[in-house]
Structures are given as structure tokens and as C-alpha cells.
Amino acid sequence: FHSLARQALNGVDAVVVYNARMGAPLEGLAKQVRIVPGGVDIAKFPLLAETPPQDGRTKILMTGRCEDPLKGVAVLREAGERLAQTRDDFEIVVTLPEDTPRTSWFRPVGWCSHDEVRALYAEAAVCAVPSLWEEPFGIVAVEAMATGRPVCAARVGGLQDIVRDGETGFLFDRGDSAMLAERLGRLLDEPDLRSRMGAAGRRRAETEYDWRIVYERHYAPLFDAIVAERGRGQ
């Protein structure tokens, strides 16, 4: 397989990866390695004002394939248990099967369509991405930032490039539920901080991760360079 992979890499004009950590092992194996982020259609993820909680509990949201253990929902639940020892003003909402054990502060909502996920963002104040594996990118973090939500994300893979610690949200050490609980608690206590971070996240999503920006900044120059090289017979 290793030999076949090297042959395949030698036969392509460029390899596109999500982050520098993925690209480093490929240097010298391909003609060129380009780091290109994923993106979102900003028009489909509008900036949302934070909805005041109807039940007095601020919502923390985790979306995506939460049933996958590597996505870290167990870490988020442990963080919730820590928070619940001293407060009852929050609720963790996750896209887990509805028959998942729930508590007074942990609510699984089942599989959700894109429209339903956007509705969840409208209700949420904070989004969590507690992944345990090296996420190549982290599209749910970008979606959350696009809607104006601060993100608490594990310091892994591409997530640490997307979330600017202290600016658009907080990063925490992989698997560290105590650190995550501390970060979430601060955001629960400081609505002005949530607002500032949410606004900064929206600006970052608009300027870095809108698909139109991603294409114009990364893909168009790559395609032009490949066409030019082939035109020179290289």
C-alpha cells in the first residue's frame, strides 16, 4: 500500500489537505501540497441573535456525529456533571439518539436536518466541539461561528486553527473535562464575552471560511497554476 500511495502521489499535480499537520508528511512525495480549509455557505448560516432561554437555562450545543465516541460527547457530559455540582442554570443539547440516557441538564434531540440544526443554533448560547481524535478540519465549529456562537473546542487537529483561543471561543486540552467545564462556566457567567466572541467568530467565518472566499483564495490560483504548468509542458 505504501508503494502504491507513493506512486499515486507522484502522478498528481497537487495534493490538497486541510491543515499543515496533514501536509507535512507529504512534502517531497508530491509536486506540491496545498493547505485549503473547508467552508460553509454563509448565506445558509445567518448571524443569529442569542435567544433568551425560556426555561432560565442557557443552552450549550453539540452537533454532528455525536454518537461516535471519538467526537468526545463523554468529555462534554463529564464537564456537565462538574458544572451541575454547583449550578442548575444550563442545559447541554446534543444530536444523539433520543433514547440516550438524559438528565435534567443533558438532552439528546436525535438526528437533525440542516434546517433543524440551524434552529438549534438559534436556541444555543455556546457550542462545544470536544473531539478526541485529530479532526482534519471541524466543520461544525465553522457553522457555529457563522451563526455568531462562541466555540469551546478541543486543541486537536484542524480545530486549533479554526478557533482562536480567547477571541472566537476557547480551546481546551484533549479529554480534559475539568478544563472544558471551567471554559463553559465562564461563558455561562459572562454574556458580554459570549457576544464579543460570537461576533469575532462570525467575522472569521465570513472572511476565512465562506465557500466563495475559499474558492477565490485557494482553488482558483491552484487551478490557474496547474493549467499554466501544463501549458508549458511540465
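Caption draft 1: Quick look at the overall build of the chain. Per the secondary structure count, the chain includes nine helices and eight strands. Relative to its full complement of 234 residues, the chain shows a buried share of 48%. By sequence separation, contacts in the chain at least 24 residues apart represent 61% of the contacts at least 6 residues apart. About 11800 Å² of surface is accessible on the chain, with carbon and sulfur atoms providing 53% of the total.

Caption draft 2: Looking closely at the sheet that holds strand β6 (residues 126-129). A sheet is described by the order of its strands in space; here six strands give the open sequence β5-β4-β3-β6-β7-β8, paired in parallel fashion. Either end of the sheet is taken by a strand with one partner, and the two such strands are β5 (106-108) and β8 (169-172). Averaged over all pairs of adjacent strands, the angle between strand axes in this sheet comes to 20°, irrespective of strand direction. With five bridges joining them, strand β3 (residues 58-62) and strand β4 (residues 90-94) adopt parallel strand pairing. Following the sheet pairing, Ile60 is matched in β4 by Ile92. Contacts between helix α4 (residues 114-123) and the sheet are confined to β3, β4, β5 and β6, with β3 contributing the most and set at about 145° to the helix. Against the sheet, helix α7 (residues 177-189) touches β3, β4, β6, β7 (151-154) and β8, its axis set at about 165° to β8.

Caption draft 3: Highlighting helix α5 (residues 139-146). With seven of eight residues buried, α5 is to be regarded as a mostly interior element. Buried within α5 we find Val140, Ala141, Val142, Glu143, Ala144, Met145 and Ala146. If you follow the buried residues of α5, they end up packed against α4, β6, β7, α6 (159-162) and α8 (191-209). A positive backbone phi angle near 90° is found at Gly148, which sits one or two residues after α5.

Caption draft 4: Broad picture of the pattern of salt bridges. For the structure shown, the criterion picks out 22 salt bridges. Ionic pairing is found between Glu50 and Arg194, a salt bridge with its closest N-O pair at 2.7 Å. Here Glu50 is found in the loop between β2 (33-35) and β3, whereas its partner Arg194 is found in helix α8, with 144 residues between them in sequence. Judged by its relative accessible area of 34%, Glu50 falls in the partly exposed class. Judged by relative accessible area, which is 6%, Arg194 ranks as buried. Arg87 is paired through a salt bridge with Asp89; the nearest N and O atoms lie 2.7 Å apart. On the basis of relative accessible area, Arg87 is assigned to the buried category, the value being 17%. Several salt bridges share partner residues, and in doing so they unite Asp55, Arg57, Lys59, Glu91 and Arg107 into one network.

Caption draft 5: Structural detail: the packing of α7 against α8. The contact between α7 and α8 brings their axes to 5 Å, and the two run at 105°. In terms of orientation, α7 lies roughly perpendicular with respect to α8. Seen from α7, the contacting residues are Arg186, Leu187, Leu188 and Asp189; seen from α8, they are Pro191, Leu193, Arg194 and Met197. Split by residue class, the contact of α7 with α8 holds five nonpolar, no polar and three charged.

Caption draft 6: The pairing of β4, seen in detail. Burial within β4 is extensive, with five of its five residues counted as buried. The alternating pattern of β4 places Phe90, Ile92 and Val94 and Glu91 and Val93 on opposite faces, both of which are buried. At this point the chain moves from β3, through helix α3 (residues 73-84), to the parallel β4, and the crossover so formed is right-handed.

Procedures and definitions
Residues numbered from 1 in each chain as written. Predicted model: local features only at pLDDT ≥ 70, side-chain atom pairs only at ≥ 80, totals over all residues. Heavy atoms only, no water. Helix = DSSP H or I, 4+ residues; strand = E, 2+ residues; numbered from the N terminus. Buried < 20%, exposed > 50% of the residue type's maximum accessible area, 1.4 Å probe, protein only. Contact = heavy atoms within 4.5 Å. Areas by Shrake-Rupley, 256 points an atom, 1.4 Å probe, with all protein chains shown as cover. Pairing = 2+ DSSP bridges. Axes fitted to C-alpha atoms, helices over the stretch in contact; angles between N-to-C directions. Salt bridge = Lys/Arg side-chain N within 4 Å of Asp/Glu carboxyl O. Parallel < 35°, antiparallel > 145°, perpendicular 65-115°, else oblique. Nonpolar A, V, L, I, M, F, W, Y, C, P; charged D, E, K, R; others polar. Right-handed = clockwise from strand over helix to strand, strands pointing away.

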